[in-house]
Amino acid sequence: MRIGFMREMTPGERRIALTPQVAGKLIKLGADVVLESGAGASLGLSDAEFTALGATIADRQAILTGVDILLCVRRPDPAELRQVKAGTLVVGLFDPMFHPDGVQASIDQGLSVISMEYIPRTTRAQKMDVLSSQANLAGYVAVILGAERLDRILPMMMTPAGTIAPANVFIIGAGVAGLQAIATAHRLGARVTAFDTRPVVKEQVQSLGAKFLEIDLGETGQTAGGYATQLTPEQLALQKAGQAKQCAQSDLVITTAQLFGRKAPILIDAPMVAGMKPGSVIVDLAVETGGNVEGVRLNEEVITDNGVRLIGLGNLPGMVAAHASQMYAANLYNLLSEYWDKEQGFVLNLEDDILTSCVIVHQGSLRNDQIRGALENLATPAGKGA
């Protein structure tokens, strides 16, 4: 079975789908691994590091039309997907609810698609969970980025010139990214407070050395996949009111709240930003799905009239691309090896609970009803013009 990967074409994307180590492991399974020349160049990896382990080099067109499985980080451009041979399995981050054009192109071309965002958050699938591995790194990067942009240090220092009080860091959302942000900020010596709509995470927050902000929102919870459930408008108003005082006292605020497949909720509005101290910083990890902060702009840093810096940089895992690629490639290997047969190669067992969740297209047929609505919107004149 031939497995290929190419250079990532999304602007600013430095992560790669396979590292030499993982390519070698796939070859030991019996796969024929082929890559586009320069596919690892964004990480300083030469073609020779892959070919030394048994991989081969081919041009981009040959990979598009000649592999059985195409691995990628971001979904290929729809125009390229329409060049992939029918029946090929494409595996990557398709972001189908926000980029349904890639799904439609895959349907039109008769492809199968595994969208790694749809790996279920179960014990057996944990080793394949790309969202968790990448969010872990994003939480770390958010703290480092915020600390670098602040005009003060995070830890307390006692010096002959006087004592420096620790910075106050407020983290909204205690999922994978939020918990890593809490741990990182605490290790750097900050005074950390965190909030999450799911009371069940309170002990996790406290175990990492942070204070849990108590806000009574009434009945809340989480989905079977571990995501926070969507709040009512009344609950969102209560949350904003409860967070406003903490934001005003904070030097660095990190927001991580996302709703799977939907636009992120606005948790920090303009009046809350206006109530913060000059020089304080907000890092919005949800900016790629609309943002948690009013006024944040994707891939930009905005300084408000009152001197608050809003950081809306996307793809934070890509800022530590070497380790992000190492983890991503390991997730892909764990997925492929789980269903690998010595004679047949990768077996797409649609009765398996993990594959049932993440195979969104099979041989040109859509298998996910949630995505169907996004495709219908794409087909309308309003959807096409959006």
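From a predicted model like this one, the values you see are computed outputs, not experimental measurements. For every chain, the first residue of the written sequence is number 1, and numbering continues from 1 along that sequence. pLDDT decides what is reported in this predicted model: residues at 70 or higher carry local features, side-chain atom pairs at 80 or more are listed and counted, and totals for whole chains, interfaces and linings draw on all residues regardless. No hydrogens and no water enter the side-chain calculation; it runs on all heavy atoms of the structure.

Explain the confidence of the model for the chain residue by residue, including any values.
Here the chain averages 93 in pLDDT, and 95% of its residues register 70 or above. When the criterion is pLDDT under 50, residues 381–386 qualifies, and its contacts beyond four places in sequence or with other chains add up to five contacts. pLDDT gives the predictor's per-residue confidence on a scale running from 0 to 100. Two residues form a contact once any of their heavy atoms are found within 4.5 Å.

Go over the environment of Q104 with me, naming the residues and quoting the values.
Under the DSSP-based scheme used, a helix requires at least four consecutive residues in state H or I and a strand at least two consecutive residues in state E, with every element numbered from the N terminus. Secondary-structure assignment places Q104 in helix α5 (residues 100–109). Whether a residue is buried, partly exposed or exposed follows from its accessible area with a 1.4 Å probe, protein chains only, as a fraction of its type maximum: under 20%, in between, or over 50%, in that order. Classification of Q104 by relative accessible area gives partly exposed; the value is 25%. Once the C-alpha coordinates of Q104 and L18 are considered, the two residues, 86 residues apart in sequence, prove to be 26 Å apart.

Talk me through unusual backbone geometry; I want residue IDs and the actual numbers.
One non-glycine residue with positive phi stands out, namely D95, at about 45 degrees. Tracing the sequence through the fold places D95 in the loop between β5 (89–93) and α5. For N315, which is not a glycine, the phi torsion comes out positive at approximately 50 degrees. Mapped onto the fold, N315 is located in the loop between β15 (309–311) and α11 (321–338).

Report on helix α7 (residues 176–187), specifying residues and quantitative values.
At 3.6 residues per turn, the α-helix brings residues three or four places apart onto the same side. In a regular helix each residue adds 1.5 Å, so 12 residues correspond to 16 Å; α7 covers 17 Å between its end C-alpha atoms and thus fits that length. In terms of burial, α7 is largely enclosed, as nine of its 12 residues are buried. All of the buried residues along α7 are A177, G178, L179, Q180, A181, I182, A183, T184 and A185. In this structure, the buried residues of α7 make contact with α6 (130–149), β9 (168–172), β10 (191–195), α8 (202–207) and β12 (252–255). The positive-phi residue at the C-terminal boundary of α7 is G189, with phi of around 95 degrees. How far a helix is expected to stretch is found by multiplying one less than its residue total by 1.5 Å.

Tell me about a nonpolar patch on the surface, residues and numbers included.
Any residue with relative accessible area above 30% and no salt bridge may belong to a patch, with like charges joined within 9 Å and the nonpolar Val, Leu, Ile, Met, Phe, Trp and Tyr side chains within 5 Å. Accessible areas in this description were obtained via Shrake-Rupley with a 1.4 Å probe; residue shielding takes into account the shown protein chains only. The salt bridge criterion pairs a side-chain nitrogen of Lys or Arg with a carboxyl oxygen of Asp or Glu, the two atoms within 4 Å. On the surface, a cluster of nonpolar side chains totalling about 230 Å² of accessible area is made up of Y140, I144 and L188. In this structure L188 comes out as partly exposed when scored by relative accessible area, which is 35%.

I'd like a rundown of the state of the cysteines, residues and numbers included.
Working definition: a disulfide is two cysteine sulfur atoms within 2.5 Å of each other. Per the stated rule, a full pass over the model turns up zero disulfides. Looking at C72, it has no disulfide partner, and the nearest cysteine sulfur is the one in C358, 13 Å off. The exposure class of C72 is buried, given its relative accessible area of 4%. For C358, a relative accessible area of 0% puts it in the buried group.

Provide a residue-level description of the side chain of D352, including the pertinent values.
For D352, the location among the structural elements is in the loop between β17 (345–346) and α12 (353–358). In this structure, D352 is in contact with R124 and Y339, ignoring residues within four places of it in sequence.

Help me get a handle on the sheet that holds β10, residues and values and all.
Overall, mixed pairing links the seven strands, which are arranged β11-β10-β9-β12-β13-β15-β14 in an open sheet. Lying at the two open borders of the sheet, with one neighbouring strand each, are β11 (211–212) and β14 (301–303). Two strands qualify as a pair provided that DSSP identifies no fewer than 2 bridges between them. Where β10 lies against β11, two bridges are found, and the strand directions are parallel. Within β11, the residue paired with T193 across the bridge is K211. Throughout, an axis means a line fitted to C-alpha atoms (over the contacting stretch in the case of helices), and angles, computed between N-to-C directions, take values from 0 to 180 degrees. Together, β9, β10 and β12 form the strand contacts of helix α9 (residues 233–249), whose direction differs from that of β9 by roughly 155 degrees.

Give a description of the pairing of strand β13 (residues 281–284) that names residues and reports values.
Regular strands have side chains that alternate between both faces of the sheet. Judged by which residues are buried, β13 turns out to be covered on both faces: V281 and V283 on one side and I282 and D284 on the other are all buried. With four bridges connecting them, β12 and β13 associate as parallel partners. Looking at β13, one finds that L252 is bridged to V281. Here β13 pairs with β15 via three bridges, running parallel. Among the inter-strand pairings, I282 is bridged to a residue of β15, identified as L310.

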